[in-house]
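# Structure at a glance
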Amino acid sequence: MIGLDDIRRVRLGHYTMPADSSLPNQKIIVLAYVIRHPEGLVLFDTGIGEDHEEAERRYHPIVRRPLREALSSLGVRLEDITAIVNCHFHLDHCGGNPLFPGTPIFAQEAEYEASHSLEYTLPHVVDFEGAKLELHAGEADVAPGLRIIPTPGHTPGHQSLLVETREGRVLIAGQAMNDAAEYGRAEFAGRIRRSGNEEAPEPPDRIDRIHELLPRRVFFAHDPAVWEPFAD
Ligand SMILES: [Zn+2]
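In what follows, the accompanying structure is described. This one's a predicted model, so the numbers in the text were calculated from it and none came from an experiment. (Residues numbered from 1 in each chain as written. Predicted model: local features only at pLDDT ≥ 70, side-chain atom pairs only at ≥ 80, totals over all residues.)

Within the protein, the secondary structure is distributed over seven helices and twelve strands. Here the C-alpha coordinates of the protein stretch approximately 55 × 45 × 35 Å along the principal axes. Counting only residues that meet the buried cut, the protein has 39% of its 232 residues in that class. (Helix = DSSP H or I, 4+ residues; strand = E, 2+ residues; numbered from the N terminus. Buried ≥ 20, exposed ≤ 12 C-beta atoms within 10 Å, placed from the backbone.)

Another point: the nonpolar core. As a rule of thumb, soluble globular proteins bury nonpolar side chains together. Val85, Ile172 and Ala173 are the most contacted members of the largest nonpolar core, which has 57 residues in total. Not counting residues within four places of it along the chain, the set of residues in contact with Val85 comprises Val42, Phe44, Phe106, Val142, Ile148 and Leu161. (Core = buried A, V, L, I, M, F, W, Y, C linked by C-beta atoms within 7 Å. Contact = placed C-beta atoms within 7 Å.)

A separate point is the sheet that holds strand β3 (residues 40-44). Spatially, seven strands are ordered β4-β1-β2-β3-β5-β6-β7 in an open sheet, and the strand pairing comes out mixed. Each end of this open sheet is capped by a strand with a single partner; those strands are β4 (63-64) and β7 (132-136). In the sheet, strand β5 (residues 81-85) pairs with strand β6 (residues 104-108) via two bridges, with the strands oriented parallel. In the strand pairing of β6, Val85 is matched with Phe106. (Pairing = 2+ DSSP bridges.)

This paragraph deals with the pairing of β3. Pairing of strand β2 (residues 27-37) with β3, which is carried by five bridges, proceeds in the antiparallel orientation. Counted as the bridge partner of Tyr33 is Phe44 from β3. Counted between consecutive antiparallel strands, the loop separating β2 from β3 contains two residues.

Pairing in this open sheet of five strands is mixed, and the strands run β8-β9-β10-β11-β12 from one edge to the other. Only two strands of the sheet have a single partner each, and these edge strands are β8 (140-143) and β12 (217-219). In this sheet, neighbouring strand axes are inclined to one another by 25° on average, regardless of whether the strands run parallel or antiparallel. Relative to strand β9 (residues 146-150), β8 runs antiparallel, the two being bridged by three bridges. In the strand pairing of β9, Asp141 is matched with Arg147. (Axes fitted to C-alpha atoms, helices over the stretch in contact; angles between N-to-C directions.)

We now examine the environment of Gly3. Mapped onto the elements of the fold, Gly3 is located in the segment before β1 (7-16). What makes Gly3 exposed here is the crowd of 10 C-beta atoms within 10 Å. Along the primary structure Gly3 and Ile35 are separated by 32 residues, whereas in three dimensions their C-alpha atoms are 9.8 Å apart.

What follows covers the environment of Leu91. Note on placement: Leu91 falls in helix α3 (residues 91-94). A count of 23 C-beta atoms within 10 Å places Leu91 in the buried class. Each C-alpha atom, one on Leu91 and one on Leu43, is 16 Å from the other, the two residues being 48 residues apart in sequence. With residues up to four places along the chain from it excluded, the contact list for Leu91 reads Ile48, Gly49, His52, Ala55, Tyr120, Thr121, Leu122 and Val125.

This paragraph deals with the pairing of β6. In terms of burial, β6 is a largely internal element, four of the five residues being buried. Inspection of the sheet shows β6 paired to β7 by five bridges, in the parallel sense. From the neighbouring strand, Gln108 faces β7, where its bridge partner is His136.

Remember that the coordinates give geometry; whether it matters functionally is a separate question.
Put into structure tokens, the structure is as follows:
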């Protein structure tokens with residue numbers, strides 16, 4: 001079984017939130033993850049794609065770090081990647097997919113179906129020549145101990161990646177939640193509800209499923225902060 005150290009984060013750039021958004025002018029980091037597994041190197045998300053005029057305007061400036069360069073900071077070459085997992089098909093998560101013809105790309109069927117009408121994506125990034133999409137409707141194993149878990153909400157087919165490690169379960173949540181603080185509040189509300197002492201609002205199903213898994217660490221696509229549970 002792999003260890004926590006076999007999950008590595010890598011920064012692939014950032015974009016800037018519009019002045020009229022809930023986070024005016026904030027810089028939003030774009031993170032990807034490399035998992036070293038005995039069956040190969042799995043890459044979770046591939047960075048910010050280009051050529052989407054509205055996105056360029058709305059999220060200006062967008063700063064991209066080339067994937068090849070970013071991976072080399074971990075001692076990994078593009079050619080070493082044996083499988084891709086995209087949390088969803090927005091352009092800031094799958095922009096580098098066309099660099100991987102023939103490499104299996106794990107995604108949800110629902111996301112593929114939605115990708116034709118999704119905002120902020122480009123069909124040729126999802127369906128590029130040589131794309132080898134591995135579409136699933138529900139949970140599925142990418143390799144032993146590496147499982148995709150549907151976490152819809154942000155998009156219809158959003159998914160997270162559960163990684164079993166010697167030190168416990170790690171969830172790479174992508175954009176199931178925007179940040180660790182949002183996740184932490186939802187997780188705490190779940191604890192209150194389960195204790196039965198006090199009413200707490202029902203969470204969205206996707207969050208309940210995540211909490212059932214009892215991850216000991218949760219990573220996000222757009223937050224450098226990491227969530228970990230506290231001992232009662
Ligand atoms: Zn998105």
